[in-house]
Amino acid sequence: MIQGLLEKMKLPALLINCKGEAVQSPAAWQARRQELLEMLSREQFGHTPAAPASIQAEVEKQETAFGGKAVQRRIRISFDTPVGAFSFPYVLLTPAEKMECPAFLSLNFVPDIPNHCLPAEEVIDHGFALAVLYYQDVTSDSGEWDGMACHYPRDERTGWGKIGMWAFAASRVMDDLLTRPEIDGSRVAITGHSRLGKTALWCGAQDERFSMVISNASGCAGAALARGNTGERVKNIIDRFPFWFCGNYRSWANREDEMPFDQHMLLALAAPRGLYVSSGSQDGWACPENEFLGCAAAGPAWQLHGKAGLAGPDQAPGVHQPLHEGWIGHHIRPGTHFFSRTDWGYHMAFREKHNI
Ligand code: GCU
């Protein structure tokens with residue numbers, strides 16, 4: 001049934017490379033990965049500049065949190081750019097007196113911790129560390145090329161948009177996490193909701209140091225296939241938020257069926273690591289049906305590595321029917337556009353089950 005739905009969509013082939021050859025081995029996938037990254041850079045998110053040779057990290061403030069359960073540090077990351085140094089802060093919460101904890105790197109809508117989308121104490125109670133990046137500390141969520149944006153030259157058609165910039169900053173946080181003894185660098189998941197779910201997917205696609213990539217309600221230009229999307233279309237998103245993307249993305253407005261890519265390719269770039277996609281049953285704008293189908297269409301990238309992608313019955317799941325057996329986790333929570341404690345609970349359960 002799922003396969004039948006996907007065939008009707010006529011998605012661009014995930015496992016046929018630019019020369020028309022079938023991609024059948026992990027080695028061939030590595031080359032295909034580069035092609036997919038290049039295509040998504042050129043057509044959707046823009047090209048990401050090279051990472052700086054090094055970063056500096058300074059702990060600006062350290063205190064205990066949650067009645068002594070955790071240590072909270074405010075850390076400033078600095079690095080060189082083509083036009084001088086740039087710096088931004090992030091917050092790291094680690095369970096008190098524990099070393100080598102698995103961690104979440106959470107892209108946040110607001111600077112406050114915890115907040116309505118971030119149950120920080122519960123995360124700590126599960127033994128995870130939590131790195132929190134407030135996205136507008138990097139550059140504003142607007143068409144102003146401010147903050148980090150004015151530190152890099154940008155090509156109108158193929159230069160990075162704001163999603164690419166936030167993703168790049170998250171990778172700089174990862175640079176720092178890998179130096180901290182409180183963190184198990186082999187188990188760091190990047191997570192975000194909505195526009196920051198799109199950002200988490202793009203960051204995790206490019207940066208293979210993340211063991212897992214989590215998108216909540218990322219929808220259009222995130223986990224949801226563009227073809228047949230009954231919620232937000234490319235035209236809607238590029239008209240309202242052109243600055244999230246590269247200029248070329250506009251050319252696909254109302255032409256989704258002609259796109260040489262679709263969002264299953266973005267999802268597949270998490271393979272063979274962990275991927276999790278979740279959404280609310282009443283979040284039609286994010287099109288949960290197409291998020292699920294995107295996961296199904298990305299699955300072959302895991303199978304190529306001898307791993308199951310989505311594992312479950314041959315139909316779209318209902319609410320509270322999480323799919324946790326394969327390496328692509330998925331659930332639908334009852335309700336609207338939100339990053340709920342319920343979602344976090346499922347994400348943590350999946351990580352605990354797979355030890356990633
Ligand atoms: C808008 C936008 C979505 C986005 C959402 C959000 O609704 O159209 O693409 O995901 O904002 O970030 O909350």
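See the structure above.
A brief look at the structure comes next. Every chain is numbered on its own, with residues counted from 1 as its sequence reads. With the structure being a predicted model, the display of local features is reserved for residues of pLDDT at least 70 and the display and counting of side-chain atom pairs for 80 or more, all residues being used for whole-chain, interface and lining totals. Water and hydrogen atoms were dropped before computing side-chain values, which therefore reflect all heavy atoms in the structure.

## Re the nonpolar core
Point 1. Within this scheme, the nonpolar core is defined by two criteria: the residues are buried Ala, Val, Leu, Ile, Met, Phe, Trp, Tyr or Cys, and they are joined through side-chain atoms within 4.5 Å. When accessible area is computed with a 1.4 Å probe and restricted to protein chains, residues below 20% of their type maximum are described as buried, those above 50% as exposed, and intermediate ones as partly exposed. Formed by 82 residues in total, the largest nonpolar core has its most connected members in Leu133, Leu177 and Tyr249.
Point 2. Here a helix means four or more residues in a row that DSSP labels H or I, a strand means two or more in a row labelled E, and each is numbered from the N terminus. For this core, the element with the most residues is helix 4 (residues 162–177), which contributes 10 residues.
Point 3. Not counting residues up to four positions away in its chain, the partners in contact with leucine 177 are Tyr90, Leu92, Leu105, Ala131, Ile183 and Val188.
Point 4. Ala70, Tyr276, Trp344 and Ile356 belong to the second-largest nonpolar core, a separate cluster that totals 22 residues. Contacts were defined at the residue level, with two residues in contact if any of their heavy atoms lie within 4.5 Å.

## As for the site of the ligand
Point 1. Nearness of a residue to a molecule or strand requires only that one of the residue's heavy atoms be within 4 Å of it. The local shell around the ligand consists of Phe109, Ser194, Arg195, Lys198, Glu232, Ile237, Arg240, Phe241, Trp244, Trp285 and His337.
Point 2. Within the side chain of arginine 195, an N or O atom sits 2.5 Å from an oxygen atom of the ligand.
Point 3. Between N or O atoms, a polar contact is any pair within 3.5 Å; within protein, one atom must be a potential hydrogen donor and the other a potential acceptor, and residues adjacent in sequence are included only when both atoms are from side chains. For the ligand, an oxygen atom lies 2.5 Å from a polar atom in the side chain of glutamate 232.
Point 4. Under the convention used here, a 1.4 Å probe and the Shrake-Rupley method define accessible areas, while residue burial counts only the protein chains that appear. Protein chains shield 86% of the accessible area of the ligand, which is 320 Å² for the free molecule.
Point 5. Elements represented by at least two residues in the shell around the ligand include exactly helix 5 (195–206) and helix 6 (234–240).

## Re helix 8 (residues 288–298)
Point 1. With 10 of 11 residues buried, helix 8 is to be regarded as a mostly interior element.
Point 2. For helix 8, the complete set of buried residues consists of Pro288, Asn290, Glu291, Phe292, Leu293, Gly294, Cys295, Ala296, Ala297 and Ala298.
Point 3. If you follow the buried residues of helix 8, they end up packed against helix 1 (2–9), helix 7 (263–268), strand 8 (274–280), helix 9 (300–303) and strand 9 (328–333).

## Let's talk about the sheet that holds strand 4 (residues 101–108)
Point 1. For two strands to pair, DSSP has to find at least two bridges joining them. Spatially, the nine strands line up as an open sheet ordered 1-2-3-5-4-6-7-8-9, and their pairing is mixed. Lying at the two open borders of the sheet, with one neighbouring strand each, are strand 1 (56–65) and strand 9. Sheet twist, expressed as the mean angle between neighbouring strand axes with direction ignored, is 20°.
Point 2. By the bridge criterion, five bridges tie strand 7 (residues 212–216) to strand 8 in an arrangement that is parallel. Only the stretch in contact is used when a helix axis is fitted, and all axes are lines through C-alpha atoms; the angle between N-to-C directions ranges over 0 to 180 degrees.

## Side note on unusual backbone geometry
Point 1. Between isoleucine 113 and proline 114 the backbone carries a cis peptide bond, its omega angle lying at -10°.
Point 2. Between alanine 271 and the following residue, proline 272, the backbone shows a cis peptide bond with an omega angle of -5°.
Point 3. Tracing the backbone shows proline 272 in the loop between helix 7 and strand 8.
Point 4. Of note, histidine 320 is a non-glycine position whose phi angle comes to about 55°, a positive value.
Point 5. With respect to the helices and strands, histidine 320 occurs in the loop between helix 9 and strand 9.

## Quick look at empty space enclosed by the protein
Point 1. Residues are said to line a cavity or pocket when one of their atoms sits within 4 Å of a point; the points come from a 1 Å grid over protein atoms alone, cavities being sets where a 1.4 Å probe fits but cannot get out and pockets being open sets with protein on both sides within 12 Å along at least five of seven lines. Grid points are joined across faces, edges and corners, and a volume is the space filled by probe spheres set on the points. All told, the structure shown has one cavity of 30 Å³ or more when counted by the stated rule.
Point 2. Its boundaries defined by the atoms lining it, the largest cavity holds a volume of some 80 Å³.
Point 3. In this structure, the largest cavity is lined by Ser106, Leu107, Asn108, Phe109, Val110, Asn115, His116, Cys117, Leu118, His193, Phe339 and Trp344.
Point 4. Tallying contributions element by element places strand 4 first for the lining of the largest cavity, with three residues.
Point 5. Classification used: nonpolar for Ala, Val, Leu, Ile, Met, Phe, Trp, Tyr, Cys and Pro, charged for Asp, Glu, Lys and Arg, polar for all others including Gly. In the lining of the largest cavity, the residues fall into seven nonpolar, five polar and no charged.

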